[in-house]
Amino acid sequence: MTGVCGCCGALRPRYKRLVDNIFPEDPEDGLVKANMEKLTFYALSAPEKLDRIGAYLSERLSRDVARHRYGYVCIAMEALDQLLMACHCQSINLFVESFLKMVRKLLESDKPSLQILGTNSFVKFANIEEDTPSYHRSYDFFVSRFSEMCHSSFEDPDIRTKIRMAGIKGLQGVVRKTVNDELQANIWDPQHMDKIVPSLLFNLQSGERTESRSPSPLQASEKEKESPVELTERCFRELLGRAAYGNIKNAVTPVLMHLDNHSLWEGKTFAVRCFKIIMYSIQSQHSHLVIQQLLGHLDANSKNSATVRAGIVEVLLEAAAIAASGSVGEKSCSLRALLAGTSDVNINFWGDLSFYYSFCVCVCLCVGPTVLEVFNTLLRQLRLSVDYELTGSYDGSTNIGTKIIKAHEERQLQEAVIRTIGSFANTLPTYQRSEVMLFIMGKIPVPGIHPVLPSTGSGPEGTRMIQVMLLKSLVQVTAGFQTTNMLTALPSSFLEPLLSFSLTEDPEVRLLVLQILLGLIDRHDNRPKFSNISIITDISVLKLKVDKCSRQDNLFMKKHGQQLYRHIYLGCKEESSGQQHYETLFALLGLLSVELANEEVVVDLIRLALALQDLALSTDEGLPVFNRCAVHALAAAYLNLICQLTTVPAFCQHIHEVIEVRQKESPYLLPEDVFVDNPKLPSSLEKVEGDVLFLQSKITEVLGGSGYNTERLATPYVPQYTDEDRLSKRKSIGETISLQVEVESRNSPEKEERTPAEEITFETLKNAIVDSVGMEEQERERRRQVVEKFQKAPFEEIAAHCGARATLLQSKLNQIFEITIRPPPSPSGTISSGYGQSQSRSVPIYEMKFPDLCVY
């Protein structure tokens, strides 16, 4: 009976008859739509039969694939797709198993058309949201197979492109199907990410090579929708956009490994593009995780070639800039809004536990370790690069087999690190940039105070190079620095160490310090207008932006003004100063005049300029002729600038008269003749006098008539020398610092004598310790004797001792009372006593003659 039922079609199960009816006699006619509708209606009416329908379709498809009847294969897959789209019952899981079995059968085929057909069906299935979860479904095969298709090397380029695009779409479908389903296998596991991410990057990289041989614009527009590069990038962005906090590391690590394995850091372009996609695709609050991974990867490659490290630094530059402009900026703004109470949400800020938790997370993201961690890693790489450049190898030796380092590549890396530091700092708010400046300043090595390089092979030259590199980093950080309160933005803990470096004999270090000061003071972009020293007859052409000096600026100059003047003066005394130094000093004087100047500051700056003229006239300093002429020219150019800023006609007239005389008689005292390629200078400056000099008395007179402080103007400026000046005057950066302590005599304010300097040596410190120990023992013995005396001495002796002390105290008090109670001396004079001694005469107050100034 069973055999009869199998042969007779009328006795076959209904679902099999319905499935058989959807297949036409000729496969080219396609799916029989009417019969397909009947099959769909039957599946919806009897969902318990859906798994059997799927199994039968799978059986027919396997048979057709084996018999190479590919037309019926396409019809079977189309039917499966329609059933999947229409049915969402609980028994769909069993049907899906049959469906995935058929898709797997197609993907295992060596026919590209069947692989693409199976991929398209899987993509349609991936877009369906299932109502019931599946506990046992696995997609490991599909991840492996789709990744393999992404690397297809088929001979025909068009078919190869189609296979690769099918693989990309398949991976996209796997991600969509599994990423949000907690019951599925975790797609973020390294075993899956190590296949998915490199496959996407391979196609992204291959697309860049083919774009260089792109066809005509018309052909490109026709194939634009089928571009593998765009599809890959879209899939990669979708993958990263779905990554949660704990999955970022697993998604980024394969990217780093791919760039390492294929040596893609050196080209920089592709690596930068990858991480731009990553940073713009992930959630903004997760950006710092990518930064941390890049920093760790940079440390891991610290002994790799300079080109690889430079590529990682360039990528870090782009990633950190995106993270700072997006994540940190948004978080800091929201934090400030929350702290200010400007949120639109009406909640109890500190009473709501959830808000408190969110607030803590926001604080961690705003002021977390990422900012300083970036700079710490970059500065460490800078130190290592300098060490590598000086030693010539990564392990400090030059043995056979050691990888020799190319110095020019290390210098390119150093420039890239410095550029990265500046670029990232420019995206930070003012308060964070101030912290970064303090952080970098604390890293600058000072012999004898801060540690030098960890390697012993670098020596003093390595210390100097590190100083130069870190100061260059500060130049980048301070570029475009904007603050309304200079006092808080530039604390003494930063300004004093910075100014101390301006006193070294290294001209490059001094120039970098001056450039840092220019970046800090320039808040209105006036710096380019003072780039060259020249005599400008009308400064209105400069279009300077001058604002009224604020109270904070006044306080800043009151606290640090004298320090700045002193370092400018001492900077002009350096024999190694060149044209750049004097131009930078002129720019610094000009910026102080337009950015931070009030009436008192203007007076001090004029006194400083006149003191520079006296410095150039003095022969005691031993300055070369060029330096003396340059100081004269600097003073003339600045007085020409400040006289026009003060707008006092008589002051301007005197300055212009002296400049005209110099143009006729002594042009080598003006900047136009000094700061040229081949200046024509005299052999000596012995006869600089008369009308070619600016007169302090004349300037005091004309400015006094305009309300300026004549007493202060008439006082010549004399810089105060401190221990800092002597410490900074070292012939080489590696010399030992000898500390000297000077003790000024304060007994009489009229005495200008100073005690000779006492040198602190080991013996001095040893004797001081021994003496202090001896004095403590003596004091302890004295106290013991006093206690013993009061315990054992008789009462009469103790009373006599206390009485003597009381008598001495009473006599001192009587002297004080006599002085204070004695009547004041008479303004009319004294009278003589019979013994020839003068005696004060007491006169009633109403008869006293007081000076006019004492009468109110």
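Refer to the structure above for everything that follows.
Model, not experiment: these values are computed from the prediction.

Novice: When you look at the side chain of Ser147 in this model, what are you seeing that I'm missing?
Specialist: Mapped onto the elements, Ser147 comes out in helix 8 (residues 140-150). For Ser147, a relative accessible area of 7% corresponds to the buried category. Polar side-chain contacts of Ser147 include one of 2.7 Å to the backbone oxygen of Val143. Among residues more than four places away in sequence, those in contact with Ser147 are Leu171, Lys195, Ile196 and Ser199.

Novice: Explain the packing of helix 25 (residues 551-572) against helix 26 (residues 579-595) here, please?
Specialist: Packed helix pairs are characterised by how far apart their axes lie and by the angle those axes make with each other. Direction vectors running N to C along helix 25 and helix 26 enclose 160 degrees, while the axes themselves pass 12 Å from each other. By the angle between their directions, the pair helix 25 and helix 26 is classed as roughly antiparallel. By crossing handedness, the relation of helix 25 to helix 26 is classed as left-handed. Residues Asp553, Met557, Leu564, Ile568, Gly571 and Cys572 of helix 25 pack against Tyr582, Leu585, Leu588, Leu589, Leu592 and Glu595 of helix 26.

Novice: Sorry if this is basic, but what is going on with the environment of Phe586 here?
Specialist: In this structure, Phe586 sits in helix 26. Classification of Phe586 as buried rests on a relative accessible area of 4%. Filtering out sequence-adjacent residues up to four positions away, Phe586 remains in contact with Phe530, Asn532, Ile533, Leu634, Ala637 and Tyr638.

Novice: Before we go on, may I ask you to explain helix 31 (residues 696-704) in this structure?
Specialist: Side chains three or four residues apart in an α-helix point the same way, a direct result of the helix having 3.6 residues per turn. Those residues of helix 31 not exposed but buried are Gln696, Ile699, Thr700, Val702 and Leu703. Buried residues in helix 31 make contact with helix 27 (599-617), helix 29 (649-665) and helix 32 (710-714).

Novice: Can you help me understand the packing of helix 9 (residues 157-178) against helix 12 (residues 228-241) in this one?
Specialist: Direction vectors running N to C along helix 9 and helix 12 enclose 15 degrees, while the axes themselves pass 10 Å from each other. Considering the angle they form, helix 9 stands roughly parallel to helix 12. Judged by the sense of rotation from one axis to the other, the crossing of helix 9 with helix 12 is left-handed. Residues Thr161, Met165, Ile168, Lys169, Gln172, Val175 and Arg176 of helix 9 form the contact with helix 12, whose own contacting residues are Pro228, Leu231, Thr232, Cys235, Glu238 and Leu239. Class assignment of the residues belonging to the contact of helix 9 with helix 12 gives a composition of seven nonpolar, three polar and three charged.

Novice: Quick question: what am I supposed to make of the packing of aromatic side chains here?
Specialist: Working definition: an aromatic ring pair is given by the centre-to-centre distance plus the angle between the planes. Tallied over the full model, the rule gives 15 aromatic pairs. Between Phe122 and Phe142 the ring centres are 4.9 Å apart and the planes differ by 20 degrees, which places this aromatic pair in the stacked class. One end of the pair, Phe122, is in helix 7 (residues 112-126); the other, Phe142, is in helix 8, with 20 residues separating them in the sequence. A single burial state applies to Phe122 and to Phe142, both of which are buried. Clustering of aromatic rings is evident, with ring pairs tying together Phe99, Phe122, Phe125, Tyr139, Phe141, Phe142 and Phe146. Lying over the aromatic face of Phe141, Arg104 brings its terminal NZ or CZ to 4.3 Å of the ring centre.

About the cut-offs
- Residues numbered from 1 in each chain as written.
- Predicted model: local features only at pLDDT ≥ 70, side-chain atom pairs only at ≥ 80, totals over all residues.
- Heavy atoms only, no water.
- Helix = DSSP H or I, 4+ residues; strand = E, 2+ residues; numbered from the N terminus.
- Buried < 20%, exposed > 50% of the residue type's maximum accessible area, 1.4 Å probe, protein only.
- Polar contact = N/O pair within 3.5 Å; in protein donor to acceptor, adjacent residues only side chain to side chain.
- Contact = heavy atoms within 4.5 Å.
- Axes fitted to C-alpha atoms, helices over the stretch in contact; angles between N-to-C directions.
- Parallel < 35°, antiparallel > 145°, perpendicular 65-115°, else oblique.
- Left-handed = near helix turned anticlockwise from the far one by under 90°.
- Nonpolar A, V, L, I, M, F, W, Y, C, P; charged D, E, K, R; others polar.
- Phe/Tyr/Trp six-rings, centres within 6.5 Å; stacked < 30°, edge-to-face > 60°.
- Lys NZ or Arg CZ within 6 Å of the ring centre and 35° of its normal.

Worth remembering: the numbers are spatial, not functional.
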